Amino acid sequence: MNTGVKITAFAAALAATFGAAYGVGKGVGPVEEPVKPGHGDHAAAPAPSKTPAAGGHGGHEEGAAPGAAADLPGGLQVSQDGYTLALDTPTPPAGRSVLKFSIKDATGRNVTAFTTEHGKELHFIVASRDLNTFRHLHPVKAADGTWSVDADLPAAGGYKAFADFKPATPGAKGITLGADLAVPGVHAPKPLPAVAPTATVDGYQVRLGGTLDPGKAGELRLTVTKAGRPVTDLQPYLGAYGHLVALRDGDLAYLHVHPNEGGPGPDVSFTATAPSPGTYRLFLDFQHQGKVRTAAFTVTTGGAKAPAPAAAEPTDGAAGHAHG
């Protein structure tokens, strides 16, 4: 995969659809049932010393015919290329619980063989529909192809689970599938955090520089400091000094890139392309002194209106690294 990753091109005709807000998580009320997954989930939206150069998971940019599903950003479909994300626990309770799922092939059988990428056979992300909760989880696979992981989903409401993997079959490409989770109870969604250049987590300050542009590759540079001093001894996490996930507000289109070549801080840079104008949440995972932390940012691109300022509140993501 390329050092500078262009995550995906997005069909212009779909931009308006994906720019609309998704109904789950936008109002206050009881959550009783999960949104039933189906094909084309996007249609429901009213949308060492140097880190080796690495591409994003999900390989959406490679080898797809025009108009194919792979032209879409990741995570918008529960099924793609003959593979399906099947959630065994689509309505977990609030708080800590075990999430179970499998990847099915076209015959309905569990897939058991995957290609290891960035240290894992499969990367599993869970985010709330209001983009205030983010979990980068590391599930464990059983011999029968069932995956399980302990997760903490703090409140009732809509969530989305993403499975990022590459089947161990000749010619297979990376895929990111998405499916809905619903935590039962009375749901009070939080507003999207305001746009700000700096995020604070666990005493660390992370500053975001550069731009995320629709349809054009740009550099995002994140600088990690603590107590006003640059952190120059970041530790590799899953083979890299940082991992970045971007989720588009509304349909939660999933973008995942890895850093350009560089040393262990304080700067970690990424090359990425937004699939459309809109508002995005960026989640940076970085490791220092043996602990992984997540810094989160809200950014707008392509002339999108910034969200109204909300009370300062850290994104619930710092504890979102479970290894089962």
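Everything discussed here concerns the structure shown above.
Residues numbered from 1 in each chain as written. Predicted model: local features only at pLDDT ≥ 70, side-chain atom pairs only at ≥ 80, totals over all residues. Heavy atoms only, no water.

Q: Honestly, the overall build of the chain in this entry has me stumped. Any pointers?
A: Broken down by element type, the chain carries one helix and 20 strands. The buried share of the chain, taken over its 324 residues, is 52%. (Helix = DSSP H or I, 4+ residues; strand = E, 2+ residues; numbered from the N terminus. Buried < 20%, exposed > 50% of the residue type's maximum accessible area, 1.4 Å probe, protein only.)

Q: Help me out: how do you make sense of the sheet that holds strand β5 (residues 122–128) in this one?
A: Across the sheet, which stays open at both edges, the four strands sit in the order β6-β5-β9-β10 with antiparallel pairing between neighbours. This sheet does not close on itself; its edge strands, each paired only once, are β6 (134–137) and β10 (175–183). Each adjacent strand pair in this sheet contributes to an overall mean axis angle of 20 degrees, direction not counted. The pairing of β5 with β6 spans four bridges and is antiparallel. Paired with Val126 across the strands is Arg135, a residue of β6. (Pairing = 2+ DSSP bridges. Axes fitted to C-alpha atoms, helices over the stretch in contact; angles between N-to-C directions.)

Q: Got a minute to help me understand the sheet that holds strand β7 (residues 140–141) in this structure?
A: In any sheet, the strands associate via hydrogen bonds between backbone groups, in a parallel or an antiparallel arrangement. One open sheet accounts for five strands, arranged β2-β3-β4-β8-β7; its pairing is antiparallel. What marks the edges here is a single partner per strand, and that holds for β2 (79–80) and β7.

Q: What should I look at first to understand the pairing of β5 in this one?
A: Looking along a regular strand, one sees side chains alternate from face to face of the sheet. Among the seven residues of β5, seven are classified as buried, and the element is accordingly described as predominantly covered. A two-sided burial pattern is seen for β5, the buried positions comprising Leu122, Phe124, Val126 and Ser128 on one face and His123, Ile125 and Ala127 on the other. Pairing between β5 and strand β9 (residues 157–165): seven bridges, direction antiparallel. Bridging across to β9, Ile125 finds its partner in Phe162. A loop of five residues connects β5 with β6, the two strands running antiparallel in sequence, and Leu131 in this loop sits at a positive phi of about 65 degrees.

Q: I tried to follow the pattern of salt bridges on my own but got confused; where do I start?
A: For side chains of opposite charge, pairing can occur when their charged atoms come near one another. The tally for this structure, following the rule as stated, stands at six salt bridges. For Arg293, the salt bridge goes to Asp202, with nearest N and O atoms at 3.0 Å. Of this pair, Arg293 sits in strand β20 (residues 291–301) while Asp202 sits in the loop between β12 (198–201) and β13 (204–210), and the two are 91 residues apart along the sequence. Here Asp251 makes a salt bridge to Arg248, at a shortest N to O gap of 2.8 Å. Accessibility classification places Asp251 together with Arg248 in one group, the buried group. One continuous salt-bridge network, built from bridges that share partners, spans Asp202, Lys291 and Arg293. (Salt bridge = Lys/Arg side-chain N within 4 Å of Asp/Glu carboxyl O.)

Scope: geometric values only; no functional claims are made or implied.
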